[in-house]
Structures are given as C-alpha cells and as structure tokens.
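Summary of structural features
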Amino acid sequence: MTRWLDDDEQRAWRAYLQMQNRLTARLGRQLQQDSGLSLADYEVLVALTEADGGRLRPFALQEQLEWEQSRLSHHLSRMQRRGLVDREGCPGDRRGAFVVLTPAGREAIEGAAPGHVAAVREFFLDQFDRDGVAALERLATRVLRRLDADASR
C-alpha cells in the first residue's frame, strides 16, 4: 500500500526540490559568469585537485562523481580540448589510463574557487547558525547512509 505524503511532508519535499534546483542553477550561473567553468567542470577539477598527484583512474572518478561512463567520457573529452585535464597511460596497466589535472586546470579551479565558496556561503551556509549546519550534516549523512545501504543490495 502506498504511503502518500501528508501536507507537511509534501511541503517539505517540494521546498527541498525547489531549493536544490534553484541553488544549483544559481551556483552554476555564478561559476560560468565568473570563471567560464560549469558545475560539472568544477566537480571534476575538485576531485582531481583532492586526488594524490592530481590524477585518478577514470573508473574512480566515475564512482566518486556518480556519473554514467558515457557522460564522464564525453565531459572529459571536452575538458581535455580546453586544456583543463589530460589523459596519461598507466604504467602498471597498458590498457588503463589516468585522468590528470593540467596546470591550466589547476589555475582554473584556483581562480574559480573563491567566488564559488563565497556564493555557497551567501546563498546557503549563511542561512544557518552553527547548530543548523550541524543538523544539516546529520540529516544529509542519514540520507546518504540509506542510499548506500540500498545500493549495496
């Protein structure tokens, strides 16, 4: 039997969806205007910046971003043409490769990050006090755990 959302749940769910959509759109516009990067570019560059040696195997990047392989492949090709990333062979696996952050990619993310962080603060984090940020982290972690449990089935 379907457990329909009650009025409070419906309002909360719809407010969350609207917030997420508008926030994503606003942050995407800010990044594009300020740096010429898309949110997808930024996600890839963040992952590579945080990776050891600025390099990741494509499957690891795909898993981290939770993208389909075709999306990742096409997006990396576009980023490679713009000089933000490169592909290098893997010495231990002749068929394997690494996605590597280029100097231009590092420069791009270093230029984009201050404005992006300022926008994240202005439009999201500054709307909460410290207790609210902690509550948000607990709620997000709970939902992520549930999603992880479902994915492992």
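Each chain has its residues counted from 1, running along the sequence as written. For a predicted model such as this one, the threshold for reporting local features is a pLDDT of at least 70, and the threshold for listing and counting side-chain atom pairs is 80 or more; totals across whole chains, interfaces and linings nevertheless cover every residue. Processing note: side-chain calculations cover all non-hydrogen atoms of the structure and skip hydrogens and water entirely.

Per an unreviewed UniProt entry, the protein chain goes by DNA-binding MarR family transcriptional regulator and derives from Micromonospora sagamiensis.

1. Some thoughts on the packing of aromatic side chains
Each pair of aromatic rings taken from Phe, Tyr and Trp, with Trp reduced to its six-membered ring, is defined by centres within 6.5 Å and is described as stacked if the planes are under 30 degrees apart, edge-to-face if over 60, and tilted in the remaining cases. Applying the stated criterion across every chain yields a total of two aromatic pairs. Ring geometry for Phe 124 versus Phe 128: centroids 5.3 Å apart, planes at 70 degrees, classification edge-to-face. Overall, the relative accessible area of 33% leaves Phe 128 in the partly exposed class. Charge-over-ring contacts are defined here by two conditions on Lys NZ or Arg CZ: a distance within 6 Å of the ring centre and an angle within 35 degrees of the ring normal. Its guanidinium or amino end placed over the ring of Phe 98, Arg 55 lies 5.1 Å from that ring's centre, counting from NZ or CZ. Categorising residues by exposure relies on relative accessible area from a 1.4 Å probe, with only protein chains included: less than 20% of the type maximum marks a residue as buried, more than 50% marks it as exposed, and the intermediate range marks it as partly exposed.

2. Quick notes on the environment of Val 117
The helix and strand labels rest on DSSP assignments: H or I over at least four residues marks a helix, E over at least two residues marks a strand, and numbering proceeds from the N terminus. Looking at where Val 117 falls in the secondary structure, it is placed in helix α5 (residues 103-123). It is 9.6 Å that separates the C-alpha atoms of Val 117 and Leu 27, two residues lying 90 residues apart in sequence.

3. Topic: the packing of helix α3 (residues 58-65) against helix α4 (residues 69-81)
Axis definition: a line fit to C-alpha positions, over the contact stretch in the case of helices; interaxial angles, taken between N-to-C directions, run 0 to 180 degrees. At their nearest, the axes of α3 and α4 sit 10 Å apart, and the two run at 115 degrees to each other. By the criterion of interaxial angle, the relationship of α3 to α4 is roughly perpendicular. Regarding α3 and α4, the two cross each other, and that crossing is right-handed. Contact with α3, carried on its side by Pro 58, Leu 61, Gln 62 and Leu 65, involves Gln 69, Leu 72 and Leu 76 of α4 and no other residues of that element. Residues of the contact of α3 with α4, tallied by class, amount to five nonpolar, two polar and no charged. When describing relative orientation, an angle under 35 degrees is termed roughly parallel and one over 145 degrees roughly antiparallel, while 65 to 115 degrees is termed roughly perpendicular and anything else oblique. By convention, the crossing between two helices is left-handed when the near helix turns anticlockwise from the far helix through less than a right angle, and right-handed when the turn is clockwise. Note on contacts: a residue pair is in contact if any heavy atoms of the two residues lie within 4.5 Å. Each residue gets one of three labels, nonpolar for Ala, Val, Leu, Ile, Met, Phe, Trp, Tyr, Cys and Pro, charged for Asp, Glu, Lys and Arg, and polar for the others, Gly among them.

4. Quick word on the nonpolar core
Counting residues in hydrophobic clusters, the biggest one holds 23 residues, and the most contacted among them are Leu 37, Val 44, Leu 45, Leu 48, Leu 61, Leu 76 and Val 85. Residues within four places of Leu 45 in sequence aside, it is in contact with Leu 37, Met 79, Leu 84, Val 85, Leu 101, Gly 105, Ala 108 and Ile 109. Only buried Ala, Val, Leu, Ile, Met, Phe, Trp, Tyr and Cys residues count toward a nonpolar core, and they belong to the same one when joined by side-chain atoms within 4.5 Å.

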